[in-house]
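Descriptive structure summary
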Amino acid sequence: MSSGTFDSTITPKTLFGYDVISRIGEGAASQIYAVNDHKSGQVYALKHVVRKVDKDERYVGQVLNEYEVGKACKHKTLRKIIDLKTIKKFLGPVMEVALVMELIDGVPVDERGFSEIKEILDVFIPVAEALHEMNRAGYIHCDIKPGNILITSDGSVKVIDYGQACKTGTVKERVQGTPAFIAPEQARCKPLTEQTDVYNFGATLYWSLTRKRVPTLLTVEKADRRVVKEQDYPSPMDLNEMVSPGLSDLVMACLRLRPNERVFGMGKVLMRLQEHRASMR
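Before going into details, it helps to say that this report is about the structure given with it. All of these numbers come straight from a predicted model, not from anything done at the bench.

1. Points about the packing of aromatic side chains
With the rule as written, the count across this model stands at 3 aromatic pairs. On the basis of an interplanar angle of 80° and a centroid distance of 5.5 Å, the ring pair of Phe124 and Phe201 is categorised as edge-to-face. Placement of the pair is Phe124 in helix 2 (residues 117-136) and Phe201 in helix 4 (residues 194-210), with a sequence separation of 77 residues. With respect to class, Phe124 is no different from Phe201; both count as buried. The interplanar angle of 80° and the centroid separation of 6.1 Å between the aromatic rings of Tyr206 and Tyr233 together place this pair among those described as edge-to-face. With Tyr206 in helix 4 and Tyr233 in the loop between helix 5 (226-229) and helix 6 (236-239), this residue pair connects regions lying 27 residues apart in the sequence. Under the relative-accessibility criterion, Tyr206 is labelled buried at 1%. Above the ring of Tyr59, the side-chain terminus of Arg58 is found at 5.9 Å from the ring centroid.

Here it is as C-alpha cells:
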C-alpha cells in the first residue's frame with residue numbers, strides 16, 4: 001500500500017496491492033499507471049492521487065466522484081470502473097486515493113484523422129448512446145471533448161473521465177468544464193442538465209467535422225459574446241463541404257445558448273445521428 005511519502009517522480013513497484021507495470025499518463029494532480037492484479041492476472045489502469053496540500057482536496061474529490069458515477073452508469077462505451085482504494089487519517093479527511101479502471105489501449109479523437117463523415121458518425125453514435133444511458137441514470141458527464149473520447153485498435157469507442165460528472169440539476173460552486181467545449185450554463189454556474197451534455201457533445205462534434213473550435217462564453221471577450229448568443233460563426237457545412245445541411249443544422253441546434261432551445265435530450269440527438277448515418281449507406 002502507498003504512503004504519505006509518495007514521490008510522483010518515481011514509478012512505484014506496487015500500489016494498494018497491485019503490481020505497477022508502467023506509468024501511462026498524468027493529470028493535474030494524478031498519476032495513472034498500468035497495473036496487474038497478481039491474484040487474477042487482470043491488467044487495469046490505476047489513477048492515483050495524494051493529498052499533499054489543502055487544494056488537492058478537489059482532486060481527491062473528483063476521484064471519489066468518478067467512482068460513484070462509474071458504478072452507477074453502465075454502458076459498453078463508458079469506461080468501466082473496477083474498484084476504489086483509500087487511505088484516510090483517523091477522524092480526518094481522505095489523504096490518498098486510487099481508482100482502478102478498465103485499461104483502454106486507444107487514441108483520443110483529437111489525435112485521430114478522419115477521411116469521411118461516416119467515420120465520424122460511427123464514433124459519435126456510440127458516444128451519444130453512452131451519454132443517453134448516463135442521463136437516464138440521473139447523471140451528466142459535463143466534460144465531453146475530443147480528448148475524452150478514445151478509439152481502440154479494434155475500432156471500439158470509449159468515453160472516459162467522470163471527474164466533473166454530476167447528478168442532474170446540480171449547481172456547482174465554481175466553473176468547471178473545458179473552455180473550448182463548455183456550455184453557457186456551466187460558465188454561469190447555473191443548474192446542469194442533460195442539455196449540458198447536448199451542448200458539450202455538439203461542440204465536440206463541431207470540432208471533429210471542422211477542426212475548428214466553436215466560440216464559447218469562456219473563449220471570447222465579454223464584448224464579443226454576441227457571437228455566442230446569436231451563433232454568429234460559421235456552421236460545420238460552411239467550413240467543410242462534405243457536411244450535409246441536415247447534419248450541420250443538427251450540430252448548430254445542439255449549440256443554442258439557452259438549454260431549452262437545443263435539441264431536447266441525447267436520445268433525440270442519437271436518433272437524428274442514426275438517421276443521417278443510415279442515409280449515407
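2. Describing helix 2
Under the 1.5 Å per step criterion, the end-to-end length of helix 2 is 28 Å for 20 residues, consistent within 8% with the ideal 28 Å. Gly138 lies just past helix 2 and shows a positive phi near 95°.

3. Remarks on the sheet that holds strand 7 (residues 106-108)
Strand order in the open sheet formed by 3 strands is 7-9-10, and the pairing between neighbours is antiparallel. Among the strands making up the open sheet, the edge pair consists of strand 7 and strand 10 (157-159). Neighbour-to-neighbour, the strand axes of this sheet turn through a mean angle of 35°, independent of strand direction. Relative to strand 10, strand 9 (residues 149-152) runs antiparallel, the two being bridged by 3 bridges. In the sheet register, Leu150 faces strand 10, and the bridge partner there is Lys158. Against the sheet, helix 2 engages strand 9 and strand 10, with an angle of about 45° to strand 10.

4. Examining the pattern of salt bridges
A full pass over the atoms with the stated rule returns 13 salt bridges. Measuring nitrogen to oxygen at the nearest pair gives 2.7 Å for the salt bridge that ties Arg277 to Asp122. In this pair, Arg277 sits in helix 8 (residues 266-279) while Asp122 sits in helix 2, placing the two residues 155 residues apart along the sequence. The buried category is assigned to Arg277, whose relative accessible area is 11%. When the shortest N-O distance is used, the salt bridge between Glu261 and Arg258 registers 3.9 Å. What makes Glu261 partly exposed here is its relative accessible area of 42%.

5. Points about the layout of surface pockets
By volume, the largest pocket is sized at about 670 Å³. If you go around the largest pocket, you meet 31 residues; those closest to its centre are Gly27, Ser30, Ile32, Lys47 and Asp161. Breaking the lining of the largest pocket down by element, the ones donating at least two residues are strand 2 (18-26), strand 3 (30-36), strand 4 (43-50), helix 1 (57-72) and strand 7. Of the residues forming the lining of the largest pocket, the biggest block, 5 residues, is contributed by helix 1. Broken down by class, the residue content of the lining of the largest pocket amounts to 12 nonpolar, 10 polar and 9 charged.

6. Remarks on the side chain of Ser30
Structurally, Ser30 can be placed in strand 3. By relative accessible area, which is 9% here, Ser30 ends up buried. Look past the residues within four positions of Ser30 in its chain and what remains in contact with it is Lys47, His48 and Val49.

7. A short note on the state of the cysteines
Applying the stated criterion to the full structure yields 0 disulfides. Cysteine Cys166 remains unbridged, with the sulfur of Cys142 as its closest cysteine sulfur at 3.7 Å.

Conventions and cut-offs
Residues numbered from 1 in each chain as written. Predicted model: local features only at pLDDT ≥ 70, side-chain atom pairs only at ≥ 80, totals over all residues. Heavy atoms only, no water. Phe/Tyr/Trp six-rings, centres within 6.5 Å; stacked < 30°, edge-to-face > 60°. Helix = DSSP H or I, 4+ residues; strand = E, 2+ residues; numbered from the N terminus. Buried < 20%, exposed > 50% of the residue type's maximum accessible area, 1.4 Å probe, protein only. Lys NZ or Arg CZ within 6 Å of the ring centre and 35° of its normal. Expected span 1.5 Å × (residues − 1). Pairing = 2+ DSSP bridges. Axes fitted to C-alpha atoms, helices over the stretch in contact; angles between N-to-C directions. Contact = heavy atoms within 4.5 Å. Salt bridge = Lys/Arg side-chain N within 4 Å of Asp/Glu carboxyl O. 1 Å grid on protein atoms, 1.4 Å probe; cavity = no way out; pocket = protein on both sides within 12 Å on 5 of 7 lines; lining within 4 Å. Points joined across faces, edges and corners; volume = space filled by probe spheres on them. Nonpolar A, V, L, I, M, F, W, Y, C, P; charged D, E, K, R; others polar. Disulfide = S-S within 2.5 Å.

As far as function goes, none of this settles anything; it's purely spatial.
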